[in-house]
Amino acid sequence: MPKSKPKAQSKVKSQIKTKQKTPLSTPGITTKKWYWVMLTVVMVAVFSVVGYISNLDLIEIAVLMFVIAILIGLIGYVRITPSNLPATKRATFLFVGASVIGFGIWAAIMLVAINTELIASIFSNPFFVIPSFIIFLIVGAFIGELLGKNRRVQALLFKTESNPKS
């Protein structure tokens, strides 16, 4: 009995099977600017009511709203603006910006304020210490994001085809 050979599939058919078309996906709602504006308005309104119910002073409510607004602003900016970096490298720039730059600026300001005894007048209410810390972390993350978009910084930190290391 002769052994029968299995039919060899043609290259075209095997390539078609491996290159199945992926369906086009529509951009998510979080890529729209109006979403972030509406989210900010809703969060500011909700937390204003919560602050009022919690018997916070008007200045404390304003500081809380400012922190919420710039936090949502940073997240919206990162989500909307395109980047040529992979998500892991972009997250690294955000993390380093917040933890090193933001914390460094906040710590320097706090050290100067403590040494010049401005801390007692500026932060007589301990409520303002944590929001100031969060604000500087957000500012540092934004600085890290801007540094990550800089081509010179990318060329300095990452090996690319246009700038190979010898």
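Criteria and thresholds
- Residues numbered from 1 in each chain as written.
- Predicted model: local features only at pLDDT ≥ 70, side-chain atom pairs only at ≥ 80, totals over all residues.
- Heavy atoms only, no water.
- Helix = DSSP H or I, 4+ residues; strand = E, 2+ residues; numbered from the N terminus.
- Buried < 20%, exposed > 50% of the residue type's maximum accessible area, 1.4 Å probe, protein only.
- Contact = heavy atoms within 4.5 Å.
- Areas by Shrake-Rupley, 256 points an atom, 1.4 Å probe, with all protein chains shown as cover.
- Core = buried A, V, L, I, M, F, W, Y, C linked by side-chain atoms within 4.5 Å.
- Expected span 1.5 Å × (residues − 1).
- Bend = angle between axes of the 7 residues up to and from the residue.
- Axes fitted to C-alpha atoms, helices over the stretch in contact; angles between N-to-C directions.
- Parallel < 35°, antiparallel > 145°, perpendicular 65-115°, else oblique.
- Left-handed = near helix turned anticlockwise from the far one by under 90°.
- Nonpolar A, V, L, I, M, F, W, Y, C, P; charged D, E, K, R; others polar.
- pLDDT = per-residue confidence, 0-100.
- Lys, Arg positive; Asp, Glu negative; His and termini not counted.
- Salt bridge = Lys/Arg side-chain N within 4 Å of Asp/Glu carboxyl O.
- Polar contact = N/O pair within 3.5 Å; in protein donor to acceptor, adjacent residues only side chain to side chain.
- Phe/Tyr/Trp six-rings, centres within 6.5 Å; stacked < 30°, edge-to-face > 60°.

**Brief notes about the overall build of the chain**
The secondary structure content of the chain amounts to seven helices and zero strands. Across the chain, helices and strands are ordered from the amino to the carboxyl terminus as α-α-α-α-α-α-α. By residue count, 22% of the 166 residues in the chain fall in the buried class. Put simply, 73% of the contacts in the chain that link residues at least 6 apart link residues at least 24 apart. Accessible surface, the chain: about 12500 Å² in total, of which carbon and sulfur atoms supply 70%.

**Structural notes on the nonpolar core**
With six residues, the main nonpolar core is built from L74, V78, L94, A98, I138 and A141. Taken together, the elements giving at least two residues each to this core come down to α3 (58–80), α4 (87–115) and α6 (129–149). In this structure, W36, I61, M65 and I72 belong to the second largest nonpolar core, which totals five residues.

**Things to note about α4**
Spanning 29 residues, α4 covers 41 Å between terminal C-alpha atoms, matching the ideal 42 Å at 1.5 Å per step. The largest bend in α4 is about 30°, located at G97. One or two positions beyond α4, positive phi appears at E117, with a value near 60°.

**Description of the packing of α4 against α6**
Think of two packed helices as two axes; the pair is described by the angle between the axes and how far apart they sit. Where α4 contacts α6, the two axes come as close as 6 Å, and the packing angle between them is 135°. Looking at the two axes, α4 sits oblique to α6. In the packing of α4 onto α6, the handedness of the crossing is right-handed. Counted by class, the contact of α4 with α6 contains 16 nonpolar, six polar and three charged residues.

**A few points about the confidence of the model for the chain**
On average, the chain scores 81 in pLDDT, and the residues at 70 or more come to 77%. Least confident of the elements in the chain is helix α1 (residues 11–18), whose mean pLDDT is 55; most confident is α6, at 91.

**Things to note about the side chain of E60**
Considering the arrangement of structural elements, one finds E60 in helix α3. It is R79 that comes nearest to the buried, bridge-free E60 among opposite-charge side chains, at 33 Å. A distance of 3.1 Å separates a polar atom in the side chain of E60 from the backbone nitrogen of D57. Apart from the residues lying within four places of it in its own chain, the contact partners of E60 are N125, F127 and F128.

**Observations concerning the packing of aromatic side chains**
In this structure the tally under the stated criterion is five aromatic pairs. Both rings, one in Y35 and one in W36, keep their centres 5.0 Å apart while their planes meet at 85°; by these two values the pair is edge-to-face. For Y35, a relative accessible area of 24% puts it in the partly exposed group. Overall, W36 belongs to the buried group, its relative accessible area being 12%. An angle of 85° between the planes, with centres 6.1 Å apart, marks the rings of F103 and F133 as edge-to-face. In this pair, F103 is assigned in helix α4 and F133 in helix α6, connecting sequence segments 30 residues apart. Given the relative accessible area of 39%, F103 is considered partly exposed. Among the aromatic residues, ring-to-ring pairing joins F103, W106 and F133 into one connected group.

**Notes on the pattern of salt bridges**
Inspection of every chain in the model, using the stated rule, returns two salt bridges. As a salt-bridge pair, E145 and R90 come within 2.7 Å of each other at their nearest N and O atoms. Within this pair, whereas E145 is found in helix α6, its partner R90 is found in helix α4, the two being separated by 55 residues in sequence. Accessibility classification places E145 together with R90 in one group, the buried group. Judged by its relative accessible area of 2%, E145 is buried. Through salt bridges with shared partners, a single network forms among R90, E145 and K149.

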